[in-house]
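# Structural overview for review
Listed below are the residues making up each chain.
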Amino acid sequence: DWERQVANRLDGNALVQCFVKSNGLNFTIPYEMDGIKHDYVPDFIVKLGPDEHLLLEVKGQMTILDQIKFEAARDWVDAINGCGQFGKWRFAVAKAIGDVSGILEEAARELVIE
């Protein structure tokens, strides 16, 4: 499956200090759809540096629901980064397995520069 392949790519990438599959960690991002509150669980939390993290989602085709979840994740990242007390965070979606390396490189550059 895709998530296992992404985990293998994360495991073998020098930019990744560690990562975890976030399912079952009680890490959720709240969002609302049609007036009903839900929780979104990103696929992976990736540690790129001492205070640098990436929320990584693996998704081939996106639905409207995915777009709503991902917008909530981007809002969460903006809020947590604005707070300034929990390190630097970024959110990205891998639409193909081959996207992972580029996402990690971009995230590492942006998190260090900002």
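Below is a short write-up of the structure.

What counts as what
Residues numbered from 1 in each chain as written. Predicted model: local features only at pLDDT ≥ 70, side-chain atom pairs only at ≥ 80, totals over all residues. Heavy atoms only, no water. Pairing = 2+ DSSP bridges. Helix = DSSP H or I, 4+ residues; strand = E, 2+ residues; numbered from the N terminus. Axes fitted to C-alpha atoms, helices over the stretch in contact; angles between N-to-C directions. Contact = heavy atoms within 4.5 Å. Buried < 20%, exposed > 50% of the residue type's maximum accessible area, 1.4 Å probe, protein only. Core = buried A, V, L, I, M, F, W, Y, C linked by side-chain atoms within 4.5 Å. Lys, Arg positive; Asp, Glu negative; His and termini not counted. Salt bridge = Lys/Arg side-chain N within 4 Å of Asp/Glu carboxyl O. Polar contact = N/O pair within 3.5 Å; in protein donor to acceptor, adjacent residues only side chain to side chain.

## Some thoughts on the sheet that holds strand S5 (residues 52-58)
With respect to topology, four strands assemble into an open sheet ordered S1-S4-S5-S6, the strand pairing being mixed. The open sheet has two edge strands, strand S1 (18-21) and strand S6 (88-94), and neither has a second partner. Ignoring which end each strand starts from, the neighbouring axes of this sheet average 20° apart. Looking at chain direction, S1 and strand S4 (residues 44-49) are connected through four bridges and run antiparallel. Its bridge partner lying in S4, Lys-21 is registered against Phe-44. Lying on the sheet, helix H2 (residues 64-83) is in contact with S5 and S6; it crosses S6 at an angle near 165°.

## Details of the environment of Trp-2
With respect to the helices, strands and loops of the structure, Trp-2 is situated in helix H1 (residues 2-11). The partly exposed category is assigned to Trp-2, whose relative accessible area is 37%. Residues within four places of Trp-2 in sequence aside, it is in contact with Val-58, Lys-59, Gly-60, Ala-94, Lys-95, Ala-96 and Ile-97.

## A word on the nonpolar core
Where a protein is soluble and globular, its nonpolar side chains tend to be buried together. If you look at the biggest cluster of nonpolar residues, it comprises 17 residues, and the most contacted ones within it are Val-6, Leu-10, Phe-44, Val-46, Leu-54, Leu-56 and Leu-104. Broken down by secondary-structure element, the contributors of at least two residues to this core are H1, S4, S5, S6 and helix H3 (99-113). Take this core: its biggest share by element is four residues, from H3. Those residues within four positions of Leu-56 in sequence are excluded, and the remaining contacts are Val-6, Leu-10, Pro-42, Asp-43, Phe-44, Val-46, Ala-92, Ala-94 and Ile-103. One finds Ile-29, Ile-45, Ala-72 and Phe-91 within the second-largest nonpolar core, a separate group that totals 14 residues.

## Things to note about the side chain of Glu-57
Mapped onto the secondary structure, Glu-57 falls in strand S5. The buried charged residue Glu-57 lacks any salt bridge, with Lys-59 as its nearest oppositely charged partner at 4.9 Å. At a separation of 2.6 Å, a polar atom in the side chain of Glu-57 contacts the side chain of Tyr-40. Contact partners of Glu-57, with chain neighbours within four places excluded, come to Tyr-40, Val-41, Pro-42, Asp-43, Phe-70, Phe-91, Ala-92, Val-93 and Ala-94.

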